[in-house]
Amino acid sequence: MAGKLSRRSAGVDPFIVMDVMAAAADKEAAGDVVIHLEVGQPSTPAPKKALEAAHAALDADRIGYVAALGMPALRERIARHYRETYGAEVAPDRVIVTTGSSGGFPLAFLASFDAGDRVALAAPGYPAYRNILAALNLEAVDLPTSAEDRFQPTVAALEKAGPLDGLIVASPSNPTGTMVTRGELKALADWCNANGVRLISDEIYHGIVYEGETHSAVEVSDTAIVVNSFSKYFSMTGWRVGWLVVPPDMVRPIERLTQNFFISVPTLSQHAALAAFECRDELDGHVQRYRTNRDLLTAGLPAAGLDRLTPAQGAFYIYADVSHLTNDSRDFCSRMLREAGVATTPGIDFDRARGAGTLRISFAGSTAEMEEAVRRLKQWRRL
Ligand SMILES: Cc1ncc(COP(=O)(O)O)c(C=O)c1O
């Protein structure tokens, strides 16, 4: 007899973009050149001073375990980042270093919720939220959003969602690149406080902004949990280092969880992350390139029939409505890959109800790749 398989793992959906990446790899193995607009990561390595710090640490440090909550110097540097960037005072004790923001989510969810609790999130949204919630026996409650509210949760949507224990907000959002204003974030935070709902603010795309200003939940709430990472603005995906900012009464519970789950976050990566704060010029240069890429796609894609684009205020994604071209975004994306050699992500990854009519285009690559993508897609649509 086969051994038992858990129901909680059976409820976790696959990440469809991984299937796209596998199909793109097959095409490349067959000798074709694929333009990768499906990837959700910077095309650049860690910034120079971060790499130097990592080399120096390899020579000088044993790279053993460090404190479960993170290296004190890194926690202090992150706290300083809140003063410099948002004018907000955050005590270093409230900063918890995590294994990417992905390592922060289970800690935040376990410290905030009990099995069966209900957590609201915007649809479309980053799929791992709901999948991690499902694995922890928590209920993800979709808040359907629209272009009018910039695909962000609203108090009106929360009022209609039934009893809630948590709310996840992501600004700038993956997959839409849209943001909440300070006033909107405060309204959501105030509603959460009034209703005993824990706000979790995913700020991983802060720093990658083209229009408007990013505001951190620490500016408007004492009870929110902030999730952030070195993966996107700091261009350090594979280093697996991120952080949480939590209210003081959550530090000790999360310390106990992270001691047992992870012991500590990769030490070498923490050395590198500390130095990454001194690399603003290099990192802002990447943001300039993303902006150029965004403008190029926004101007070029309509001629290829992709003319219903969500204006990306931040992050490196354009969410395209393709419901006039297909009712099966998965099939549309695989044809685009097969016939035009351009890989994109079908919307069903982000919105199970409406994603068959949408796709996500990432512009994290080089500007030459964006130009080539537009050229290929125009030709493809003419065929
Ligand atoms: C919105 C959002 N949050 C979190 C993550 C997880 O990133 P990491 O674990 O590398 O910090 C991603 C990755 O794409 C993301 O898009």
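This section reports on the structure supplied with the text. As a convention, each chain's residues are numbered from 1 in the sequence order in which they are written. At least 70 in pLDDT is required for a residue's local features to be given in this predicted model, at least 80 for side-chain atom pairs to be given and counted, and no such filter applies to totals for whole chains, interfaces and linings, which use all residues. With hydrogens and water set aside, each side-chain value is computed from the structure's full complement of heavy atoms.

### Topic: the site of the ligand
Argument step 1. Residues are counted as near a molecule or strand when any one of their heavy atoms sits within 4 Å of it. Taken together, 14 residues lie around the ligand, and Ser102, Asp202, Ser229, Ser231 and Lys232 are the ones closest in.
Argument step 2. At a separation of 2.5 Å, an oxygen atom of the ligand approaches a polar side-chain atom of Ser102.
Argument step 3. At 2.7 Å from an oxygen atom of the ligand is found a side-chain nitrogen or oxygen belonging to Ser229.
Argument step 4. Protein contacts shield 92% of the accessible area of the ligand, which totals 400 Å² for the unbound molecule.
Argument step 5. If you tally residues by element for the shell around the ligand, the top one is helix α5 (residues 100-112), at four residues.
Argument step 6. Partitioning the shell around the ligand into residue classes produces five nonpolar, six polar and three charged. Under the rule applied, a polar contact is a pair of N or O atoms within 3.5 Å (in protein, one hydrogen donor and one hydrogen acceptor; residues adjacent in sequence only if both atoms are side-chain atoms). Note that accessible areas follow from Shrake-Rupley with a 1.4 Å probe, and for residues the cover is restricted to the protein chains shown. Counting from the N terminus, the helices are the DSSP runs of H or I reaching at least four residues and the strands are the DSSP runs of E reaching at least two. By the convention adopted, Pro, Cys, Tyr, Trp, Phe, Met, Ile, Leu, Val and Ala count as nonpolar, Lys, Arg, Asp and Glu as charged, and the other residues, Gly among them, as polar.

### Some points on the packing of aromatic side chains
Argument step 1. Pairing of aromatic side chains here covers Phe, Tyr and the six-membered ring of Trp, requires ring centres within 6.5 Å, and sorts the geometry by plane angle: under 30 degrees stacked, over 60 edge-to-face, intermediate tilted. The tally for this structure, following the rule as stated, stands at 20 aromatic pairs.
Argument step 2. Aromatic pair Phe105 and Tyr129: ring centres 5.4 Å apart, planes at 75°, arrangement edge-to-face. Separated by 24 residues along the polypeptide, Phe105 in helix α5 and Tyr129 in helix α6 (residues 127-135) bring together distant segments of the chain.
Argument step 3. Ring geometry for Phe316 against Tyr317: centres 5.2 Å apart, planes inclined by 70°, an arrangement best described as edge-to-face.

### Description of the pairing of strand β7 (residues 225-229)
Argument step 1. When you tally the buried positions in β7, you get five out of five residues, the bulk of the element.
Argument step 2. Burial of β7 is two-sided: the residues Ile225, Val227 and Ser229 facing one way and the residues Val226 and Asn228 facing the other way are all buried.
Argument step 3. The pairing of strand β6 (residues 198-202) with β7 spans three bridges and is classified as parallel. Note that in β7 the partner of Asp202 across the bridge is Val227.
Argument step 4. By definition, two strands form a pair when at least two bridges between them are found by DSSP. For β7 and strand β8 (residues 242-245), the ladder comprises four bridges, and the chain directions are antiparallel. Residue pairing in the sheet places Ser229 in a bridge with Gly242 of β8. Note on exposure labels: buried denotes an accessible area under 20% of the residue type's maximum, exposed denotes more than 50%, and partly exposed covers the range between, all computed with a 1.4 Å probe on protein chains only.

### Some remarks on the sheet that holds β6
Argument step 1. Read across the sheet, seven strands follow the order β2-β8-β7-β6-β5-β3-β4 without closing on themselves; strand pairing throughout is mixed. Only two strands of the sheet have a single partner each, and these edge strands are β2 (95-98) and β4 (139-144). Taken pair by pair, the neighbouring strands of this sheet meet at an average axis angle of 25°, ignoring direction.
Argument step 2. Of the pairings in the sheet, the one linking strand β5 (residues 166-170) to β6 comprises five bridges and is parallel in character. Paired with Val169 across the two strands is Ser201, which belongs to β6. In this analysis an axis means a line fitted to C-alpha atoms, helices contributing only their contacting stretch, and an angle means the value between N-to-C directions, from 0 to 180 degrees.

### Here's the deal with the packing of helix α12 (residues 329-340) against helix α13 (residues 367-382)
Argument step 1. Axis separation between α12 and α13 bottoms out at 10 Å; the angle between their running directions is 105°. Classified by the angle between their axes, α12 and α13 sit roughly perpendicular to one another. Facing Phe332, Arg335, Met336, Glu339 and Ala340 of α12, the residues of α13 in contact are Arg376, Leu377, Trp380 and Arg381. What sets the label is the angle itself: under 35 degrees gives roughly parallel, over 145 gives roughly antiparallel, 65 to 115 gives roughly perpendicular, and the rest give oblique. By the convention used here, residues are in contact when the closest approach between their heavy atoms is within 4.5 Å.

### Quick notes on the nonpolar core
Argument step 1. Counting 83 residues, the largest nonpolar core has Leu167 and Phe230 as its most contacted members.
Argument step 2. For this core, the domains that each give at least three residues are domain 1 (7-45 + 281-382) and domain 2 (64-278).
Argument step 3. Residue contacts for Phe230: discarding those within four places in its chain leaves Leu74, Ile78, Ser235, Met236, Val241, Gly242, Trp243, Ala273 and Phe277.
Argument step 4. Core analysis: the next-biggest nonpolar cluster, separate from the first, contains 24 residues, Leu69, Phe109, Leu138 and Ile200 among them. What we call a nonpolar core is a set of buried Ala, Val, Leu, Ile, Met, Phe, Trp, Tyr and Cys residues that are connected through their side-chain atoms within 4.5 Å. Each domain's extent is set by a domain assignment, obtained either automatically or from a database.

### Focus on helix α10 (residues 267-276)
Quick reminder: α-helices carry 3.6 residues per turn. Residues three or four places apart thus point the same way.
Argument step 1. Taken across its 10 residues, α10 has seven buried, putting it largely inside the fold.
Argument step 2. Along α10, the positions that sit buried rather than exposed are Thr267, Ser269, Gln270, Ala272, Ala273, Ala275 and Ala276.
Argument step 3. Elements in contact with the buried residues of α10: α3 (48-60), α4 (72-86), β2 and α11 (280-300).

### What to know about unusual backbone geometry
Argument step 1. The step from Ser171 to Pro172 runs through a cis peptide bond, and the omega angle for that step is -5°.
Argument step 2. Inspection of the secondary structure assignment puts Pro172 in the loop between β5 and α8 (182-194).
Argument step 3. A cis geometry characterises the amide bond from Asn174 onward to Pro175, with omega recorded as 20°.
Argument step 4. Note that Pro175 resides in the loop between β5 and α8.
Argument step 5. The residue Arg150 is not glycine, and still its phi comes out positive at about 50°.
Argument step 6. Phi angles above zero are rare outside glycine, and Ile263 is one such case at about 65°.
Argument step 7. The residue Ile263 is located in the loop between α9 (248-262) and α10 in this model.

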